[in-house]
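# Coordinate inspection notes
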Amino acid sequence: MALIVLIILGASLGWLGSILGRTEAPGSILRQIAIGVAAALVAGLVMNTGSLLGGLSVIALGSASVTAIALLLIYHFAVERRSDAEA
């Protein structure tokens, strides 16, 4: 159950990040969803004592959210810097 919750959480945060970042390219939107899912899964696995098949602790859920948001912010700043350098 925890695995499904973390995948949905990461995908939702990635999609929300693409909306807030005003991303228009379809590939970029999918990339942000993948970043959100990967970050949520890794943080949830680490904070949930290595198990994603049982229950999910509140600490694991919070750390998954914070980690996904942080990685999405880093991604947006990197893309913005790269687009400024090309211009």
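Here, every reference points to the structure presented above.
All of the points below concern the structure found in this document. What you see is a predicted model; the values in this text were computed from it and never measured.

### Topic: the layout of surface pockets
Considered as a void within the structure, the largest pocket measures approximately 220 Å³ in volume. Taken together, Leu13, Leu16, Gly17, Leu20, Gly21, Ile69, Leu72, Leu73, His76, Phe77 and Glu80 make up the full set of residues lining the largest pocket. Among the secondary structure elements, those contributing two or more residues to the lining of the largest pocket are α1 (2-20) and α3 (58-86). Of all the elements, α3 adds the most residues to the lining of the largest pocket, at six residues.

### Description of the packing of α1 against helix α2 (residues 26-47)
Contact geometry of α1 with α2 gives a least axis separation of 7 Å together with a crossing angle of 140°. Our classification of the angle between α1 and α2 gives oblique. Between α1 and α2 lies a crossing of right-handed hand. Contacts between α1 and α2 involve Leu3, Leu6, Ile7, Gly10, Ala11, Gly14, Trp15, Gly17 and Ser18 from the first element and Ile29, Gln32, Ile33, Gly36, Val37, Ala40, Leu41 and Gly44 from the second. Each residue belonging to the contact of α1 with α2 can be placed in one class, and the counts come to ten nonpolar, seven polar and no charged.

### Some words on the environment of Ile59
In this structure, Ile59 sits in helix α3. Residue class for Ile59 comes out exposed when judged on its relative accessible area of 57%. The spacing of Ile59 and Met47 is twelve residues in sequence and 6.9 Å in space, taken between C-alpha atoms.

Definitions and limits used
- Residues numbered from 1 in each chain as written.
- Predicted model: local features only at pLDDT ≥ 70, side-chain atom pairs only at ≥ 80, totals over all residues.
- Heavy atoms only, no water.
- 1 Å grid on protein atoms, 1.4 Å probe; cavity = no way out; pocket = protein on both sides within 12 Å on 5 of 7 lines; lining within 4 Å.
- Points joined across faces, edges and corners; volume = space filled by probe spheres on them.
- Helix = DSSP H or I, 4+ residues; strand = E, 2+ residues; numbered from the N terminus.
- Axes fitted to C-alpha atoms, helices over the stretch in contact; angles between N-to-C directions.
- Parallel < 35°, antiparallel > 145°, perpendicular 65-115°, else oblique.
- Left-handed = near helix turned anticlockwise from the far one by under 90°.
- Contact = heavy atoms within 4.5 Å.
- Nonpolar A, V, L, I, M, F, W, Y, C, P; charged D, E, K, R; others polar.
- Buried < 20%, exposed > 50% of the residue type's maximum accessible area, 1.4 Å probe, protein only.

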